[in-house]
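Structural characterization, general
One letter stands for each residue in the lines below.
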Amino acid sequence: MAEEELWCSHVRQNKDKFRDEGVSTVSSVDQARVETSVEDKYSSYLDMKDMDGQEQPRLHRGRHIAYLKKGLASLSERFTSLDASRPWLVYWCVHALELLSVRLSKEEAAGVVEFLGKCQNPNGGFGGGPGQYSHLAPTYAAVNALVIIGTPQAFQLINRSTLVEFLWSMRTEEGSFRMHEGGEVDIRGVYCAVSVARLTNIATESLFANTVHWIMRCQSYEGGFSGAPGMEAHGGYTFCGLAALTLLHAHHLCHTPALLRWAANRQMKYEGGFQGRTNKLVDGCYSFWQGGLFPILHTLLAQEDVANLSTERWMFNQEALQEYLLLCCQHSRGGLIDKPGKASDFYHTCYTLSGMSVAQHFTSTARHRTLVTGPKDNELIPVHALYNVGVEAAVSATQYFNSLPVPVASSPASQTEAGDATDVQDTDKQTTTATKLSCTCDTTQTHLQHFNMDLYLQFSQPLIQPPISSTLTTHQDYTAVNIHPQQLTHHMQAIRHDHLSVRNRIYHLDHLAPGFTYLIPNLINHPEGSTWLPNYLPA
């Protein structure tokens, strides 16, 4: 590879460095220090290349595998502070090895499954270690690790019946999720709940009622998502928000142009890696938390304007990110790091490799293209951007769990949903779940409330929802409507219909999610001659 082909050659022109415009702050001093350390790494590589024709940037695969294998087997006393994160340590190691194309031996896989089984609690979910309270974060980590292992033993370990009970116990009335009993509420909890529910096929409409609306309250004026409404946009929280919206088929509610602008501006011009927030330092872990946004955004934008999207690459500099990770983030003793001068750890090893995989693989509907910096053996396996497990592992788990029935929780809301679903006729072979929404309304109130109506929700489970159709299918009593997300409004006008004995009632659509097909009472020809359907469908 010629020098001019290397993105890092820009350091010799001293371009793109941060300028404090004569006002020194703590942040500007830290930024200058990091840029100097990155410049030293890039310049050292370029100088060696000039002197002896040093090979292209290489991923030190063997060192990283040895580092991860050692960590999976045993850890030193300095990891005592992570005793409540043991499923995370397993996931970070197992996923990083997966990306490096390393499959665990039967004995290693069985040992991991046995340990995670000790972390699973009788009341559902996984704790941070054996005997610890269930927590959504280690539950996500444990489920992902088991999905990666992918054996029948691993899949069967997950108690889906108690897991759905645990998710219900973490759910709040507003649709968000607590991380643990009595714990904090933030967007991480929502993503962890949605991810494990979709992977293990325990998701229901009532479990995530109003969740998309809570997520949208977290999108800030900057375009990214915050941990909770009203806070600062952050890379990790933004990934959680966008991935959860997409898994719930509600991605069109997101203000995509603002998010794309915010995400693209998080890639550092000088270093090549990503920062987590505005005015913060580069960090290797955001290679995935920020870089992982782009495959999702690309897929969503392709539904709206495919003609103006690249069919070759994501909307960030993939070469720059790979060079930063290969030249600045590999530790000499194995493992990957945050930035030059830091120690290696399993967390950064996992997420830097995940981000490198995103940068190496461009996948669209029509094609898959690799863009690998350095020799061919630098290539990692493709990662599934919504779950952060390998694509093959995600597909295998989805096929296995989708062949099982959705377990019914004992919560009152889910019992109502399950009972009503028996009345629904399956009119679409692709439909995997049908649930009836039942609400109550006091028509003496002046404000809008839910009321009891024959409204059925049908949904299938593609990883990313196909483009929305506005086609109507009319039956004798119902009309199947694929409601366009941008046409949804909060309230439907009051209507009357003698045939269905619906009088002076107000329909309320706050709890409906876009991208689904709804069977609604056929109100097109009610006595007063007007209809609400055109208000919710494209012309």
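Residues numbered from 1 in each chain as written. Predicted model: local features only at pLDDT ≥ 70, side-chain atom pairs only at ≥ 80, totals over all residues. Heavy atoms only, no water.

Okay, the overall build of the protein chain next. A count of helical and extended segments in the protein chain gives 17 helices and 11 strands. The buried share of the protein chain, reckoned over its 539 residues, is 54%. Residue pairs at least 24 apart in sequence account for 69% of intrachain contacts in the protein chain once pairs closer than 6 positions are excluded. Total accessible area on the protein chain is roughly 23600 Å²; 50% of this is exposed by carbon and sulfur atoms. (Helix = DSSP H or I, 4+ residues; strand = E, 2+ residues; numbered from the N terminus. Buried < 20%, exposed > 50% of the residue type's maximum accessible area, 1.4 Å probe, protein only. Contact = heavy atoms within 4.5 Å. Areas by Shrake-Rupley, 256 points an atom, 1.4 Å probe, with all protein chains shown as cover.)

Bringing the nonpolar core into the picture now. If you look at the biggest cluster of nonpolar residues, it comprises 134 residues, and the most contacted ones within it are Tyr 42, Tyr 91, Leu 136, Leu 167, Phe 208, Ile 215 and Tyr 351. In terms of residue count, the dominant contributor to this core is helix 5 (residues 136-149) (11 residues). If we ignore the near neighbours within four places in the chain, the residues touching Tyr 91 are Ala 96, Tyr 140, Ala 141, Asn 144, Ala 145, Ile 148, Cys 350, Tyr 351, Tyr 387, Asn 388 and Val 389. (Core = buried A, V, L, I, M, F, W, Y, C linked by side-chain atoms within 4.5 Å.)

A word on the packing of aromatic side chains. Inspection of the entire model under this criterion finds 24 aromatic pairs. Between the aromatic rings of Tyr 67 and Phe 346, the centroid separation amounts to 4.7 Å while the plane-to-plane angle is 25°, which identifies the pairing as stacked. With Tyr 67 in helix 2 (residues 61-73) and Phe 346 in helix 15 (residues 346-360), this pair connects stretches of sequence that are 279 residues apart. The exposure classification of Tyr 67 matches that of Phe 346, with both residues buried. Linked through ring pairs, Trp 88, Tyr 91, Trp 92, Tyr 140, Tyr 191, Phe 239, Phe 288, Trp 289, Tyr 347 and Tyr 351 together constitute an aromatic cluster. (Phe/Tyr/Trp six-rings, centres within 6.5 Å; stacked < 30°, edge-to-face > 60°.)

In this structure the tally under the stated criterion is 14 salt bridges. The salt bridge partner of Arg 188 is Asp 186, with a shortest N-O separation of 2.8 Å. On the basis of relative accessible area, Asp 186 is assigned to the buried category, the value being 8%. Residues joined in a network through salt bridges with shared partners are Glu 184, Asp 186 and Arg 188. (Salt bridge = Lys/Arg side-chain N within 4 Å of Asp/Glu carboxyl O.)

Okay, the side chain of Ser 9 next. By secondary structure assignment, the location of Ser 9 is in the segment before helix 1 (26-52). From its side chain, Ser 9 meets the backbone oxygen of Leu 6 in a polar contact 3.2 Å long. (Polar contact = N/O pair within 3.5 Å; in protein donor to acceptor, adjacent residues only side chain to side chain.)

Across the interface, helix 11 (residues 256-264) lies against helix 13 (residues 293-305) with an axial gap of 11 Å and an inter-helix angle of 150°. As summarised for this structure, helix 11 and helix 13 are arranged roughly antiparallel, according to the angle between their axes. Considering how the two elements wind past one another, helix 11 and helix 13 form a crossing that is left-handed. In contact with Thr 256, Leu 259, Leu 260, Ala 263 and Ala 264 of helix 11, helix 13 contributes Leu 293, Phe 294, Leu 297 and Leu 301. Class assignment for the residues of the contact of helix 11 with helix 13 results in 8 nonpolar, 1 polar and no charged. (Axes fitted to C-alpha atoms, helices over the stretch in contact; angles between N-to-C directions. Parallel < 35°, antiparallel > 145°, perpendicular 65-115°, else oblique. Left-handed = near helix turned anticlockwise from the far one by under 90°. Nonpolar A, V, L, I, M, F, W, Y, C, P; charged D, E, K, R; others polar.)

Attention shifts here to the environment of Pro 57. Topologically, Pro 57 is positioned in the loop between helix 1 and helix 2. Look past the residues within four positions of Pro 57 in its chain and what remains in contact with it is Leu 6, Tyr 45, Leu 326, Leu 327, Thr 373, Gly 374, Pro 375 and Asn 378.

Quick look at the environment of Asn 279 now. Positionally, Asn 279 belongs in the loop between helix 11 and helix 12 (286-289). For Asn 279 and Arg 266, which are 13 residues apart along the polypeptide, the C-alpha to C-alpha distance reads 9.2 Å.

To continue, consider the confidence of the model for the protein chain. Looking at the protein chain, pLDDT values average 79 and 75% of them are 70 or higher. Low pLDDT, under 50, characterises residues 416-539; the stretch is placed with 248 contacts to residues that sit more than four places away or in other chains. (pLDDT = per-residue confidence, 0-100.)

With that out of the way, let us pick up the side chain of His 348. Within the secondary structure layout, His 348 lies in helix 15. Those residues in contact with His 348 that sit more than four places away from it in its chain are Asp 283, Cys 285, Leu 336, Ile 337 and Asp 338.

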